[in-house]
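So you can see what is in the structure, the chains are spelled out below.
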Amino acid sequence: MANDIERLDKVLARHGYGSRKDTGRLIAGSRVCVNGEIVRDSGFHVSLDKDRISVDGEELNLRIHRHLMMNKMAGYVCSTKEGEHETVFDLLAEEDLHGYLGGELALVGRLDVDTEGLLLFTTDGKLNHFLTSPKNHIPKTYMVYLEDEVDSDSRNRYEVKLKEGIHIEADGNEEACDCMSAEIEWLDEESRNVPAACLLTIYEGKYHEVKRMFSALGNKVTYLKRVAFNKLELDKNLLPGQYRDLTEDEVRTLKDSGDSL
């Protein structure tokens, strides 16, 4: 968001100093400085990259964009609306929900209510669009537990059909369709306690896609957890329901192949 320019009263309002009317009083009262100089004009424009803003001598830590990684827990819906289930936004602290100059904190895609794992939030609409646009074929990897065992011959059949692009049947309002090529990796260590386990990497985001893919193969998903999103892996130290800020390197990882970002 280099060289972005904003009105001074908007910056203060987004950082918890009240409404535009409230911030106008602060500014008119000579309590706000920009680069050490008192500013009395609410419409004064500041550079978010270069200018230092202080109120009553205390410098603001400008919050432009925020990127969060959450280890989603089952039972929460990816929505801002409350209904039968609590939403993933209920897991965020109140102070983390608002106050960003780059926009409102939004979900990057969604996970089903019973699906766990890597869930992203960002205020950067451009990054969000890049990651969720079907035309960009962003990889997403899931750990999958299956209801039935998969022998060697069946494993080969699964791999071939998924690589070719398997046909999935209609689900609710979603029509039947052919999926893009997907990659599967079997997890024998995980299979000690379940009939079969694997990692599945897909490059699109159709409704209930992973579940419908294995249904088309004659099996049923009993557990689903997203473990990676465009090469960014879920932090194994995050307990279900916990979240943290992404590092600068992790944001760059998300933007990988996004040349225009």
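No experiment lies behind these values; they were computed from the predicted model shown. (Residues numbered from 1 in each chain as written. Predicted model: local features only at pLDDT ≥ 70, side-chain atom pairs only at ≥ 80, totals over all residues. Heavy atoms only, no water.)

J.: If you had to explain helix H3 (residues 125–132) to someone new, which residues and values would you point to?
T.: Inspection of H3 places Leu127, Asn128, Phe130 and Leu131 among the buried residues, and these make up the whole buried set. Looking down the long axis of H3, one finds its buried residues gathered within 160 degrees of arc, a one-sided arrangement. Pointing more than 90 degrees away from the buried face of H3 are the exposed residues Lys126 and His129. A side-chain oxygen of the first residue of H3 lies 3.1 Å from the backbone nitrogen of Lys126; this N-cap is Asp124. (Buried < 20%, exposed > 50% of the residue type's maximum accessible area, 1.4 Å probe, protein only. Helix = DSSP H or I, 4+ residues; strand = E, 2+ residues; numbered from the N terminus. Arc of directions from axis to C-beta. Polar contact = N/O pair within 3.5 Å; in protein donor to acceptor, adjacent residues only side chain to side chain.)

J.: Can you lay out the state of the cysteines for me, pointing to particular residues and giving the numbers?
T.: In total, this model carries 0 disulfides according to the counting rule given. The thiol of Cys78 is unpaired, and the distance to the nearest cysteine sulfur, on Cys179, comes to 20 Å. On the basis of relative accessible area, Cys179 is assigned to the buried category, the value being 6%. (Disulfide = S-S within 2.5 Å.)

J.: Can you tell me about the sheet that holds strand S5 (residues 53–55), naming the residues and giving the values?
T.: Taken in spatial order, the 4 strands make up an open sheet running S3-S2-S5-S6, and their pairing is antiparallel. Of all strands in the sheet, those with a lone pairing partner are strand S3 (37–38) and strand S6 (58–59), marking the two edges. For strand S2 (residues 32–34) and S5, the ladder comprises 3 bridges, and the chain directions are antiparallel. Looking across to S5, one finds that Cys33 is bridged to Ser54. (Pairing = 2+ DSSP bridges.)

J.: Any details on the packing of aromatic side chains? Residues and values, ideally.
T.: Under the counting rule described, the total for this entry stands at 4 aromatic pairs. Ring geometry for Tyr145 against Tyr223: centres 4.9 Å apart, planes inclined by 40 degrees, an arrangement best described as tilted. Taken together, the residues Tyr145 in strand S12 (residues 140–146) and Tyr223 in strand S17 (residues 221–229) connect sequence positions 78 residues apart. Judged by centre distance (5.8 Å) and plane angle (45 degrees), the rings of Tyr158 and Trp186 are tilted. Of the two residues, Tyr158 sits in helix H4 (residues 152–164) while Trp186 sits in strand S15 (residues 183–186), which places them 28 residues apart along the sequence. Exposure remark for Tyr158: the relative accessible area of 3% places this residue in the buried category. (Phe/Tyr/Trp six-rings, centres within 6.5 Å; stacked < 30°, edge-to-face > 60°.)

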